[in-house]
Amino acid sequence: MTILADVRSRTHGWHRPSAIAAAVLGTVAVLCVAAMLLDQRTLAGAPIWAKPFKFAVSGALYFATWSWLVSLLPRFRRTAGWLTNLLVAIFAAEYVLLVFQAARGRASHFNIATPQDALIYNVMGKMIMGLWVATLVLTVLVMFTKLEDRASFWAVRAGAVLSLVGISLGILMTNPTAQQLAQWKTGGTPDMVGAHTVGIPDGGPGLPVLGWSTVAGDLRIPHFVGMHALQALPLLAIGLAALASRFPRLRDDVVRARLVLVGALGYAGLTALVTWQALRAQSIVHPDAATLGVLALLAAVVGLGSWGAVRAR
């Protein structure tokens, strides 16, 4: 009971509709796990309820973060509140269509096999565009947030911008594949237009739960990595503040701010790296020498940058 009261006190003033949406999606994610246990159907090699589960978890994190961010705005809070309400409505409608297709055993994305499938995919595409525009405006508004802690100040801004970039990377999955283009050229009509796997058709072996391809490139990875900068960078700032009691150098908010900026640079580099890797049809679990070399260089830059951020006076 004390824990619940503490959570309520800490979240008092957060944007309520998006906080409720986050809680509901968290519950839905648990229900999706139960559905996966009870319903053994698969689609393109993955459990039929895996996609609704992943969307529910991602949506819960997304709305919990925006609920907090809106509460930080000294100005335009009402506008941001309405935009966040719009995000909740769009996501809820899209999620209903996604679950509807899952229950039918049909793909929700890229699917134009039947007029109904094509209509649903077209409607979902327009919803995603609306979600992107609303997120763009909210990202601009986030630049007006006022935070005394400099690390949090930069974490929020950098996280919002990188998250918008990650959402934008989803458009790479809508491009027709070479096989689909070949079908059109020969007078055929493909059942799917677009794919998340690069190098092979969707549906090959993938990582547990995440489903990311283990034999080819997968564009869902940069989309996921970039989008969740919105959580990763503020968590970095929180973690650095928590460590300040043990490491005196971190008690200086300028040092923590430098470390957050280095972390943002590293996160942007990581997003670019996994995008490049996916576009080269390379599996995340089988990096080649070029990928490993760039990763090592990125790690060195972040390491040296972190050392410099701490050492500089």
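Look up: the structure comes first, before these words.
Quick caveat: nothing in here was measured; it's all calculated off a predicted structure.

**Student:** Even after reading the chapter, I still don't get unusual backbone geometry, so can you show me in this structure?
**Tutor:** Trans peptide bonds make up most of the peptide bonds, and negative phi angles are found at most residues other than glycine. Unlike most non-glycine residues, F76 shows phi in positive territory, near 60°. Following the sequence through the fold, F76 ends up in the loop between α3 (50-71) and α4 (77-104). With a relative accessible area of 37%, F76 lands in the partly exposed category.

**Student:** Teacher, can you tell me more about the nonpolar core here?
**Tutor:** Nonpolar side chains in soluble globular proteins tend to end up buried together. In this structure, Y62, F63, W66, L69, L87 and L138 are the most contacted members of the largest nonpolar core, which totals 37 residues. Among the secondary structure elements, those contributing two or more residues to this core are α2 (16-38), α3, α4, α5 (115-142) and α6 (150-168). By residue number, the principal contributor to this core is α4, which donates nine residues. Grouped together as the second largest cluster of nonpolar side chains are 20 residues, A151, A237, V274 and A309 included.

**Student:** I would appreciate a short explanation of empty space enclosed by the protein in the present structure.
**Tutor:** If a probe the size of a water molecule is rolled over the atoms, the empty space left behind becomes visible. Counted under the stated rule, the structure contains one cavity of 30 Å³ or more. In this model, the largest cavity occupies a volume close to 30 Å³. What lines the largest cavity is G217, D218, I221, V274, Q277, A278, Q282 and I284. Those elements giving two or more residues to the lining of the largest cavity turn out to be β4 (217-218) and α10 (253-279). The biggest single contributor to the lining of the largest cavity is α10, with three residues. Split into classes, the residues belonging to the lining of the largest cavity amount to four nonpolar, three polar and one charged.

Cut-offs used in this document
Residues numbered from 1 in each chain as written. Predicted model: local features only at pLDDT ≥ 70, side-chain atom pairs only at ≥ 80, totals over all residues. Heavy atoms only, no water. Helix = DSSP H or I, 4+ residues; strand = E, 2+ residues; numbered from the N terminus. Buried < 20%, exposed > 50% of the residue type's maximum accessible area, 1.4 Å probe, protein only. Core = buried A, V, L, I, M, F, W, Y, C linked by side-chain atoms within 4.5 Å. 1 Å grid on protein atoms, 1.4 Å probe; cavity = no way out; pocket = protein on both sides within 12 Å on 5 of 7 lines; lining within 4 Å. Points joined across faces, edges and corners; volume = space filled by probe spheres on them. Nonpolar A, V, L, I, M, F, W, Y, C, P; charged D, E, K, R; others polar.

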